[in-house]
Amino acid sequence: EQKAVLVTGCSSGIGLRLAVLLAQDAKKRYHVTATMRDLRKKDKLEQAAGDALNKTLSIQRLDVCSDESVAECLNNMKDRRVDVLVNNAGVGQIGPIESLSMQDMQKVFETNFFGAVRMIKAVLPDMKKRKSGHIVTMSSVMGLQGIVFNDVYAASKFAMEGFCESLAVQLLKFNVNVSLIEPGPVNTEFEMKLMEEVGKSQFPGADAETVRYFKEVYLPASHEIFTTLGQSPDTVAKATMQVIGMRLPRLRYQTNALYTPLVALKYADESGSLSVRTFYNLLFNFGPLFHLSMNLIKCITCNCFRRGAVSPS
Ligand code: NAD
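The structure presented is a predicted model; accordingly, all values stated were derived computationally and were not measured. (Residues numbered from 1 in each chain as written. Predicted model: local features only at pLDDT ≥ 70, side-chain atom pairs only at ≥ 80, totals over all residues. Heavy atoms only, no water.)

### Looking at the site of the ligand
Of all residues adjacent to the ligand, which total 28 residues, the nearest are Ser12, Asn88, Tyr153, Thr188 and Lys193. Within the backbone of asparagine 88, one N or O atom sits 2.8 Å away from an oxygen atom of the ligand. Here an oxygen atom of the ligand sits 2.7 Å away from a polar atom, N or O, in the side chain of threonine 188. Protein contacts shield 96% of the accessible area of the ligand, which totals 820 Å² for the unbound molecule. Class assignment of the residues belonging to the shell around the ligand gives a composition of 13 nonpolar, 11 polar and four charged. (Near = heavy atom within 4 Å. Polar contact = N/O pair within 3.5 Å; in protein donor to acceptor, adjacent residues only side chain to side chain. Areas by Shrake-Rupley, 256 points an atom, 1.4 Å probe, with all protein chains shown as cover. Nonpolar A, V, L, I, M, F, W, Y, C, P; charged D, E, K, R; others polar.)

Have a look at this one:
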């Protein structure tokens, strides 16, 4: 029997690719409800879906920040049935916290954390009743390891990790699985959107030295990381599809083998000093050598750290 999959945030990036891949599954294992906040942006998804459109893929409006929108979307689904929920919708935020308003910070949590919680709350009673289901959430390596100038975004992903880790225990009793996908940098509109916003900002409230570290040290380093270690949305979507197809999915999946050693620093030293100092050195002391460091990491990890990460077959 076909599984009903609901994916949030499908107008672009990973969500779009995942919805299409699932809908085009050769064995037709899935019926995908691909959702987006603004239906005026559905052209790209419709084009990518091709023949699957209105067969194994239907498009619905859904804003994860609105109770009404979530209820309306679920009511439009056959028997309100969701076998697999994919919480993919998310927003990024970078910059010195002094220049971000509390309201802007709260918006990140409203989408990345409470948006996913709202979705889970909405599908949970039925999943429990049926004693089956899979809740998949697009977290990030930043849900495991904080990154400079991504303070609030990382916190929102940490929050999701804590929430899912807690819930996973209870839900195991109901045969409902919980999985977190933890990509490293992914080359989607995500980075571009952030750069656009940053380009417009004057960083009110932040001192000149901090703004200089952000613009002249962090931004080039971040760009470098995206270029050397970045994955395509398609790669992350394939890894996620693999997890959705598993009979006994785990709680956590990192998708980027090149990034696993950076996360592993944290587990190698529970005091936190090793990771804080390594990231500090990478950023502030290896400045001109950053490119080299990244390539070295890439080189070492290519050979040694393949285990642990899901690699799409
Ligand atoms: P993206 O910006 O292309 O996709 C995010 C999608 O979420 C967009 O389509 C956006 O419209 C949608 N969205 C935002 N607010 C929404 C709301 N209130 N309701 C419904 N949809 C909403 O970027 P992406 O890289 O494909 O991001 C997908 C997920 O992957 C996010 O959760 C992001 O945090 C995570 N992620 C991204 C990266 C990266 O480097 N791009 C890395 C790790 C994790």
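### Some thoughts on the pairing of strand E5 (residues 133-138)
Of all the six residues making up E5, six are buried; the element is thus mostly covered by neighbouring parts of the structure. Because side chains alternate across E5, one face comprises the buried residues Gly133, Ile135 and Thr137, and the other comprises His134, Val136 and Met138, equally buried. Note that strand E4 (residues 84-87) and E5 share four bridges and pair parallel. Note that in E5 the partner of leucine 85 across the bridge is isoleucine 135. Assessed by its sense of winding, the connection that carries the chain from E4 through helix H4 (residues 102-130) to E5 is right-handed. Handedness of the E5-helix H5 (residues 151-172)-strand E6 (residues 176-182) crossover: right-handed. (Buried < 20%, exposed > 50% of the residue type's maximum accessible area, 1.4 Å probe, protein only. Helix = DSSP H or I, 4+ residues; strand = E, 2+ residues; numbered from the N terminus. Pairing = 2+ DSSP bridges. Right-handed = clockwise from strand over helix to strand, strands pointing away.)

### Details of a negative patch on the surface
Residues Glu98, Asp151, Asp207 and Glu209 make up a contiguous surface patch of negative charge. Its place among the elements puts glutamate 209 in helix H7 (residues 208-229). With a relative accessible area of 42%, glutamate 209 lands in the partly exposed category. (Patch = residues over 30% accessible without salt bridge, like charges linked within 9 Å, V, L, I, M, F, W, Y side chains within 5 Å. Salt bridge = Lys/Arg side-chain N within 4 Å of Asp/Glu carboxyl O. Lys, Arg positive; Asp, Glu negative; His and termini not counted. Charge placed at Lys NZ, Arg CZ, Asp CG, Glu CD.)

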